[in-house]
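The residues making up each chain are set out below.
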Amino acid sequence: MDFNNNTRWWRNEIIYQVYPRSFQDSNNDGVGDLKGIISRLDYIKSLGVTMIWLSPVYQSPMVDMGYDISDYQAIDPRFGTMDDFDNLLIESKKRNIKIIMDLVINHTSDQHKWFQNALTSPNSPYRKYYIFKKTSNGKVPNNWRSIFGGSTWTEVPNEPGTFYFHTFAPQQPDLNWENPAMRKEIYKMINWWLKKGIAGFRADAITHLKKDLDWASIPADSSDGLASVIKKGQNRPGLNVFLNELKKETFDKYHALTVGEAYGVPEKDLAKFIGPDGYFSMIFDFSYMNIDVKNTDEWFRGRNDWTVKQLKTTIFNAQKKITQVNGWSANVLENHDQPRVLSKLIKNPQEQTPVAAKALAVMYYFLPGTPFIYQGQELGMKNFERKKISDFNDISSLNNYKMAIKEGFPEEAALKIINARSRDNARTPMQWTNETFAGFSKVQPWLEMGNDRKNINVAFEDADKASVLNCYRSLSHIRNIQKVSNILSNGTLHEYTAPENIIAYYRELGNERLTIIVNLSSKNTELIVPNEKIIFNTINTLETKENTAVLKPYQAIISSNIEYN
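Note that this is a predicted model, so its numbers are computed, not measured.

**Q** Explain unusual backbone geometry to me, please; I cannot follow it from the model alone.
**A** In terms of backbone geometry, most residues other than glycine have negative phi values and most peptide bonds are trans. In this model, Met65 sits at a positive phi of 50 degrees, which is unusual for a non-glycine residue. Taking relative accessible area as the criterion, Met65 reaches 9% and is therefore assigned buried. The phi torsion at Asn96 lies on the positive side, around 60 degrees, for a residue other than glycine. Counting through the fold element by element, Asn96 comes out in the loop between helix 3 (82–94) and strand 5 (98–103). On the basis of relative accessibility, which here comes to 57%, the residue Asn96 falls in the exposed class.

Structure (structure tokens):
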């Protein structure tokens, strides 16, 4: 799909992330699939969505749920066929919905033909497609710890003293980006997909492509004697060379939308990533997504006792940095790697209500950047509670549990942490109805259903005007009003003075304003409100006196001085 030369054509998009395995099962095998997605396109369209981010559907052994790719140009049979994918493109286009895919190019599966060939002989040309090291003492080359726990090195079968490198799981060997021949193969694959008609990519783990080539051990940061690979394999000097070449050889040729999963980008490099000539169209703002944990990858290490005031400061500081480089943000509350936001940011379970879910939606939906909705977020889906570690599927959850136990956590405490933070929380099947398997499938799904589901489903919420679902639809409608759209695309962001438990801001373009005020607490809170027409209110009524208003717990309002029909 060759878009026009307006390099920021994507500014007015609303993007919906589909996790195919858990979205809709069309053939009742317990696993979601491409035909299931096609059957729900009208629903996605009803959200005001203009683009779908499709989590991996490539051929994969599914060790990391599709982020371990064994063939970049094949659809995994669990999800269907390439004909099904082509039909998804056709049917989406009929509804003016674009498709972007996940781009996983830091690593492949160990079942990829390149890696399998590399294992056949030390002289295989594919050895240079990955990172192999031979040591004279038979020990691993260094003390780097992988993101999923344990050493970043795994010994090659039948070759004592020879190891291959993996930032993540042993089944996910890292590609060697120092090899120009490998890079050309990757670029050829990317262009094949863009020529097919997708609108772009979400780039997975993209700041890991460059590693420090000294391969030196560093001081251990834990009792296991290892040190996080992040210190030597994330945002390292020289990454810019790879990202510039990647952009030039692929994305630029198709004016593609690119969203970087770019953890750890230093402020000084932000312009290089998302400035007008940046590597990517936008990167995710993880600043507030991870406010609840001390360590993003090893989250068993502890939780942060954050406040609304800190959340507010984090959001506005991040936005200020992005604005300073004339950049664009991908704004998210949830994704496939995160717990449900209602369970994460609303600490008291009794307050995890539809009203609170709507407050969180209003809070982020009008910040500068593009809003992303993760499937089920628009329903106010919540975390589950699992009673034993064997109930979990996610490799990161299992490894965090193992590391916690190894470091002396009692089993009960470790399980509590895993329940709160597991990526499986976001991967439970989509809730379409109140049936046993929620209309996702007629058989037991691949992953246990969520266990807090009453009235949290599409069928129930579709009929309830005050539902979370219809709130998201209303917010998209507001975004798509032409004058509002202009403000959001081209206007400035200003923090609105408010008590510490209220997150408030306004967007401004010329004399036109849109004001967002959200009470993110369980207390009635009084504040001065602008003299503007209220165009959206999550709790119908609003108590006012003179120029002040009293916002009820988790009430959110949107006001504007714009005249529109």
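**Q** Can you help me understand the sheet that holds strand 6 (residues 132–134) in this one?
**A** The antiparallel open sheet is built from 3 strands, whose spatial order is 6-9-8. A single partner strand is all that each edge strand has here, and the edge strands are strand 6 and strand 8 (153–155). Strand-to-strand twist of the sheet, defined as the mean angle between neighbouring strand axes without regard to direction, takes the value 35 degrees.

**Q** Hey, could you run me through the side chain of Asp76 in this one?
**A** Residue placement: Asp76 occurs in the loop between strand 4 (71–75) and helix 3. On the basis of relative accessibility, which here comes to 2%, the residue Asp76 falls in the buried class. Looking at Asp76, its side chain comes within polar contact range of the side chain of Arg78, at 2.9 Å. Not counting chain neighbours up to four residues away, the residues in contact with Asp76 comprise Val57, Tyr58, Gln59, Ser60 and Met62.

**Q** Explanation requested: the packing of aromatic side chains in the structure shown.
**A** The geometry of two aromatic rings is summed up by the distance between their centres and the angle between their planes. In the structure shown here, the tally under the stated rule is 37 aromatic pairs. Aromatic pair Trp10 and Trp328: ring centres 6.3 Å apart, planes at 55 degrees, arrangement tilted. Placement of the pair is Trp10 in the segment before strand 1 (15–18) and Trp328 in the loop between helix 9 (308–324) and strand 14 (329–331), with a sequence separation of 318 residues. The class of Trp10 is buried, set by a relative accessible area of 2%. Relative accessible area serves as the criterion here: at 4%, Trp328 is assigned to the buried category. One aromatic cluster is present, built from ring pairs that chain together Trp53, Tyr263, Phe284, Phe286 and Phe372. Between the NZ or CZ atom of Arg127 and the centre of the ring of Phe132, over which it lies, the distance is 4.4 Å. Here Lys347 stacks its cationic end above the ring of Trp306, 4.4 Å away from the centre of that ring.

**Q** Would you take a moment to explain the environment of Gly138 for this structure?
**A** Its location among the elements puts Gly138 in the loop between strand 6 and strand 7 (144–145). Taking C-alpha positions, Gly138 is 56 Å from Ile503, a pair spaced 365 residues apart along the chain. Beyond its immediate chain neighbours, meaning those up to four positions away, Gly138 contacts Gly161 and Phe163.

**Q** Can you help me understand the layout of surface pockets in this one?
**A** Empty space among the atoms becomes visible once a probe the size of a water molecule is rolled across them. In this structure, the second largest pocket spans a volume of roughly 760 Å³. Taken together, 26 residues form the lining of the second largest pocket, with Ser343, Asn383, Lys416, Asn419 and Ala420 sitting closest to its centre. Counting only elements with at least two residues in the lining of the second largest pocket, the list comes to helix 10 (341–345) and helix 13 (411–421). With 7 residues, the top contributor of residues to the lining of the second largest pocket is helix 13. Of the residues that constitute the lining of the second largest pocket, the class distribution is 8 nonpolar, 6 polar and 12 charged.

The rules behind these values
Residues numbered from 1 in each chain as written. Predicted model: local features only at pLDDT ≥ 70, side-chain atom pairs only at ≥ 80, totals over all residues. Heavy atoms only, no water. Buried < 20%, exposed > 50% of the residue type's maximum accessible area, 1.4 Å probe, protein only. Helix = DSSP H or I, 4+ residues; strand = E, 2+ residues; numbered from the N terminus. Pairing = 2+ DSSP bridges. Axes fitted to C-alpha atoms, helices over the stretch in contact; angles between N-to-C directions. Polar contact = N/O pair within 3.5 Å; in protein donor to acceptor, adjacent residues only side chain to side chain. Contact = heavy atoms within 4.5 Å. Phe/Tyr/Trp six-rings, centres within 6.5 Å; stacked < 30°, edge-to-face > 60°. Lys NZ or Arg CZ within 6 Å of the ring centre and 35° of its normal. 1 Å grid on protein atoms, 1.4 Å probe; cavity = no way out; pocket = protein on both sides within 12 Å on 5 of 7 lines; lining within 4 Å. Points joined across faces, edges and corners; volume = space filled by probe spheres on them. Nonpolar A, V, L, I, M, F, W, Y, C, P; charged D, E, K, R; others polar.

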